Amino acid sequence: MDGTNGLIASPGGGGGAGGSILIEGETCDINGTLSAEGGDGGDEAFDGGGGGGGRISILTTLGPCNVNGSVSVAQGTSSGGQVGQVGTYPDIATIPSTPTFREQFKSDALTTIPVGGRTQEQEVVLKVNISDPGATPGNPATLQAEFEVVETGQVFTGTNVVAVDVTDEPGVLGISTAPPQAYTGGTALISEAQIAGLTPGVSYKWRARVVNVTDGINGSWVEYGNNGSNQPDFIVSTVESLSISPSATSVNAGDPISLTVTALDGSMSQDPTYAGTVTFSSTSPTAALPANYTFSSGDSGSRTFTDSLVFFEGGTYTVTVTDTINGALTATTADITVVGPSPTVTPSPETSVSVTPTASGTATVVVEPPVISCSEDPLQLACQVPVTISNVTVTNNTPTAVTVCWDTNIPTKGSVSYGLYEAAVYTKSTATGQEYRVTGHCMTIDTLEEDTRYIFRIRAQSAAGKQAFHEGAFATDGEIITVLPETGSCIVQSEPPYSLNVDNQVLITYTTKEPGTCVMRYGQEPENLRFESVSAEATTSHTGVIELSNLLQGVDIYYQMDCTVELTSEESTLCEAQGVVPASVFSGLIPTPTPVAREGLEAFAGTYAPVLLMLATGATLLSNLYALPRLVLYAIGWVRDRKRYKVWGIVYDAKTRKPVPFAAVRVYKGKEFIKEKLTDLQGRYGLPSDKGTFRLEVEHPEYGKVERSVEIEEDDGTIAEDIAVNMTAAAKKAEFKRNLRKNLHRINTVLVYSGLAFSIVATLISPVAFNFFVVVLYVLQFALLLLLDGANKRNWGYVYNSQTRNRLPGAFVRLFSISEERQIDVQMTDESGRYGFSPEPGEYHLTVDLPGYRFPSEQTNQVSIYKSPKGNAFLRVDAAKEPVINRVIPMDPKNAAAGATGKASPFG
């Protein structure tokens, strides 16, 4: 791209300017010369000068990018005129990465707005991740995110309608830039901009990109919703106020009151667009109030909370309702007069202590006071007082286990969150207690590290939903820690963490310290959280949905969040948090079954109950056989071994319920790998284990990876969970093709036989030329089938002793994919030494392992043998030419030669 030289003979002309060269790619290797030099000018004093050099830019989105050669942007020369200006080549530069994390929030920067969702505020917070592949600690880059916001239906223009730094004044419509941040590589940073001044009733769309301020290079724009120009990313609600009205303003203490909350627009009319979450407060410290509630489209902007307000003491009080995000949306009832007894104070529990002499000294016995049954009747004054935590103790049991104990003033359930002292982040949590207690709350943590300091946080919650917290620290070596760091939580739950909605659901809202993926499990038995609510997208704001239609009245709901979060650039952290939703919160949302008339019920039971009982028993047995593939195996094992305890688990296909053999089951304790085992041909495994909490990881080439937390309650126990796995899309496609290939021949055979018979009958009935022609065609196809079937094609191979020619049972034949660089299948030869693979077309490596034998045999064709970098030998096969891999493989008896180890891989 050099400029043209000017005329040299007088009067000479000026040289042309060099051109521009732009090279852009993910990575690049450039050999040779890149030249954008200016042309030379004339040689006399008044001739034209040299041309300016051009511009060369080499950009990469990933790197590395190597230039092996020369790059020149030199200026043109002139012996008589002026010299041109040097061109520009800013060396190889990287393009900022396109944001992969994009999310929109309400003004608290924590509550997400789903795609197409509504917000009651006139401002939003937009967040994206920013990074640049070329940044390193030694070569940092200054990055900032740009956000462009337009009304739905308008086109993104990339122009600065309003272009101001958000540290000065938020931008509205057009491009807003987030504050610049220094990026040194590793984990991407989170950049955000606050977009204010939005118009109620208007919907908006937005997109973002990353700009390298240091080098002046822009990344690519990416839209948030990717849902079309006429589909909004978010909508600003027209709600401007709330109203709240009680069903009565004069009641006796203990009488329930209903509250009606309505969202209003600017004209004070009911606004059906309201989708916020409201919380309630009162001037009475002991009033029982409605739980937080999230409005949905089914409410149409108004909700009546029936009999949900109770006052327990005389006086005049009010109740206030407030949007949890937009504090300007609030309303207060008129004064409510309550006639009743004077306020009383619930005394703190008094604990009596007795000392009893024993042979080895004295034993202290703590006698708890009577427990108030708040779980059965939370609407009593004693259960409405605020919760307080006292008498907190930490006892070191072993170098890796402690017990945390505490008391509360009223019956509560509690849990303990904990984490490393130096990190100052709560990452783990104990299970929630199963009983409401006043004293004697104790939680044992037995997965700690020796000589390590920890922080902990107690959460205590009453049956009325009131909570209290206590923070402390301990060390596994017994060190007394009195100074706490400024702590944070890997998982932060809102207070209270739950809200209700009209769709018969409880919503658990929580955030993670960094973007992460989460799974929330819940149920009404702490040890059996049967249901799941998955947050698959990597984000900081999460909502777990509890479907009340699955649950029972009058029983608390336990839940646990497991999140994978990148707290550091080196590795991800598995964070845990626990909680409980009191039954009193959702008692009115689960419908009560309609009672049956007693006479009709008795007649029904007397006539049909025996028959229905037998049918139900049979149906239950069949459903269990289908749902629990291990049931028959358990029964056989019980008869044979008389073992009534669970000694193995099964890994099985979630769809077909068939056992999955050769799945890798790995056990971790925290981050430490403990052990691994492959499932057998019946999908079984069993791993001996001591007491503790473990992370179970199941992996198979054809199935998605599954992780599960396992609690072993005693030493010398067994990890034996039944685990369902789902086949990957690629494996399903391969299985479909295998079945199709397997059945096409059968289908064709049936068609030919039936077609031949039909054509013969048709010819006998109507002996015309066309029918004879059809018969001839079918006879030819019939002959072809006989020919193909007579070829006696073998669909399996076998392994044999090269000296005795005897076939070898029990040999492991392993198949490796060359393109995927992994083992994709393994088979054990049967009693006749047979095996067979039917993989997708492609090239593969094959190896055989059998104790006492060596592979490859000296009789194997050496041309087809491949040696890996580590010296392991493999047989190369081409499945494109051999749809069924059925090689006959000799094995030499191993005397002096070393055999295969069974762990060889052709890729390392």
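Whatever comes next refers back to the structure up there.
Residues numbered from 1 in each chain as written. Predicted model: local features only at pLDDT ≥ 70, side-chain atom pairs only at ≥ 80, totals over all residues. Heavy atoms only, no water.

(A) Molecular detail of the sheet that holds strand 43 (residues 649-653). Taken together, the three strands give an open sheet; going across it, the order is 46-43-51, and neighbouring strands pair in mixed fashion. The two strands at the open ends of the sheet, each matched to only one other strand, are strand 46 (684-685) and strand 51 (723-725). As paired elements, strand 43 and strand 46 share two bridges and run antiparallel to each other. Looking across to strand 46, one finds that G649 is bridged to Y685. (Pairing = 2+ DSSP bridges. Helix = DSSP H or I, 4+ residues; strand = E, 2+ residues; numbered from the N terminus.)

(B) Representation of the nonpolar core within the structure. Membership of the largest hydrophobic core comes to 51 residues, with the highest contact counts inside it found for F280, F311, V506, I508, I546 and V581. It is strand 39 (residues 505-523) that provides the largest number of residues to this core, a total of six residues. The residues touching V581, leaving out its near neighbours within four places in the chain, are Q461, Y498, V506, I508, I546, D556, I557, Y559 and F586. (Core = buried A, V, L, I, M, F, W, Y, C linked by side-chain atoms within 4.5 Å. Buried < 20%, exposed > 50% of the residue type's maximum accessible area, 1.4 Å probe, protein only. Contact = heavy atoms within 4.5 Å.)

(C) Examining the pattern of salt bridges more closely. Per the stated rule, a full pass over the model turns up 21 salt bridges. Between E697 and K705 there is a salt bridge, and its shortest N-O distance comes to 4.0 Å. R854 is paired through a salt bridge with E858; the nearest N and O atoms lie 3.6 Å apart. A relative accessible area of 18% means that R854 is categorised as buried. Within this structure, R666, E676, R695, E697, E699, K705 and E707 form a network of salt bridges that share partners. (Salt bridge = Lys/Arg side-chain N within 4 Å of Asp/Glu carboxyl O.)

(D) Structural detail: the sheet that holds strand 45 (residues 672-678). Strand order in the open sheet formed by four strands is 45-44-48-49, and the pairing between neighbours is antiparallel. Since the sheet does not close on itself, it has two edges, and those belong to strand 45 and strand 49 (703-712), each with one partner. For this sheet the average axis-to-axis angle between neighbouring strands, irrespective of direction, equals 20°. When strand 44 (residues 664-669) meets strand 45, the two strands line up antiparallel, connected through six bridges. Bridge pairing in strand 45 places K669 opposite E672. (Axes fitted to C-alpha atoms, helices over the stretch in contact; angles between N-to-C directions.)

(E) Representation of the packing of aromatic side chains within the structure. Enumeration according to the criterion identifies 16 aromatic pairs in this entry. Of the aromatic side chains, those joined through ring pairs into one cluster are Y274, F280, Y293, F295 and F305. Directly above the aromatic system of W221 lies the positively charged group of R207, at a separation of 4.2 Å from the ring centroid. A cation over a ring is seen here: R834 above W796, with NZ or CZ 5.5 Å from the ring centre. (Phe/Tyr/Trp six-rings, centres within 6.5 Å; stacked < 30°, edge-to-face > 60°. Lys NZ or Arg CZ within 6 Å of the ring centre and 35° of its normal.)

(F) Local environment of a negative patch on the surface. On the surface, E525, E527, D690, E711, E713, E714, D715 and D716 cluster together into a patch of negative charge. Position of D715 among the secondary structure elements: in the loop between strand 49 and strand 50 (717-719). (Patch = residues over 30% accessible without salt bridge, like charges linked within 9 Å, V, L, I, M, F, W, Y side chains within 5 Å. Areas by Shrake-Rupley, 256 points an atom, 1.4 Å probe, with all protein chains shown as cover. Lys, Arg positive; Asp, Glu negative; His and termini not counted. Charge placed at Lys NZ, Arg CZ, Asp CG, Glu CD.)

(G) Inspection of the pairing of strand 53 (residues 812-817) at higher detail. Taking burial as the measure, the six residues of strand 53 include five buried ones, the bulk of the element. Summarising the sheet, strand 53 and strand 54 (residues 822-828) pair through six bridges and their orientation is antiparallel. Its bridge partner being in strand 54, V813 is matched across the sheet by Q827. Taken together, strand 53 and the strand that follows it, strand 54, pair antiparallel across an intervening segment of four residues, in which E821 is found at a positive phi of about 55°. Of the pairings in the sheet, the one linking strand 53 to strand 56 (residues 843-849) comprises six bridges and is antiparallel in character.

(H) Representation of the pairing of strand 9 (residues 141-151) within the structure. The buried fraction of strand 9 amounts to nine of the 11 residues, a majority that puts the element mostly inside the structure. Of the strand pairs in this sheet, strand 9 and strand 11 (residues 181-183) are connected by three bridges, and their pairing is antiparallel. Bridge pairing in strand 11 links A141 to Y183. Relative to strand 13 (residues 203-212), strand 9 runs antiparallel, the two sharing nine bridges.

(I) Quick peek at the environment of H700. Mapped onto the elements of the fold, H700 is located in strand 48 (residues 692-700). Each C-alpha atom, one on H700 and one on V725, is 8.9 Å from the other, the two residues being 25 residues apart in sequence. Excluding its chain neighbours within four sequence positions, the residues that come into contact with H700 are V660, P661, F662 and A663. At 3.3 Å, the side chain of H700 and the backbone oxygen of P661 are in polar contact. (Polar contact = N/O pair within 3.5 Å; in protein donor to acceptor, adjacent residues only side chain to side chain.)

(J) Summary view of a nonpolar patch on the surface. A surface patch of nonpolar side chains, amounting to about 600 Å² of accessible area, comprises V768, F770, F773, V776, L777 and L780. Looking at where V776 falls in the secondary structure, it is placed in helix 6 (residues 769-790).

(K) Quick look at the side chain of R209. With respect to the helices, strands and loops of the structure, R209 is situated in strand 13. The class of R209 is buried, set by a relative accessible area of 15%. One polar contact links R209 to E146, side chain to side chain, over a distance of 2.9 Å. The contact partners of R209, leaving out residues within four places of it in the chain, are Q144, A145, E146, N218, G219, S220 and W221.

(L) Local environment of the state of the cysteines. Counting across every chain of the model gives three disulfides. Paired through a disulfide, C405 and C442 show a sulfur-sulfur distance of 2.0 Å. Across the disulfide from C405 to C442, rotation about the S-S bond amounts to roughly 115°, and the bridge is consequently right-handed. Of this pair, C405 sits in strand 30 (residues 401-408) while C442 sits in strand 34 (residues 441-445), and the two are 37 residues apart along the sequence. On the basis of relative accessibility, which here comes to 16%, the residue C405 falls in the buried class. (Disulfide = S-S within 2.5 Å.)

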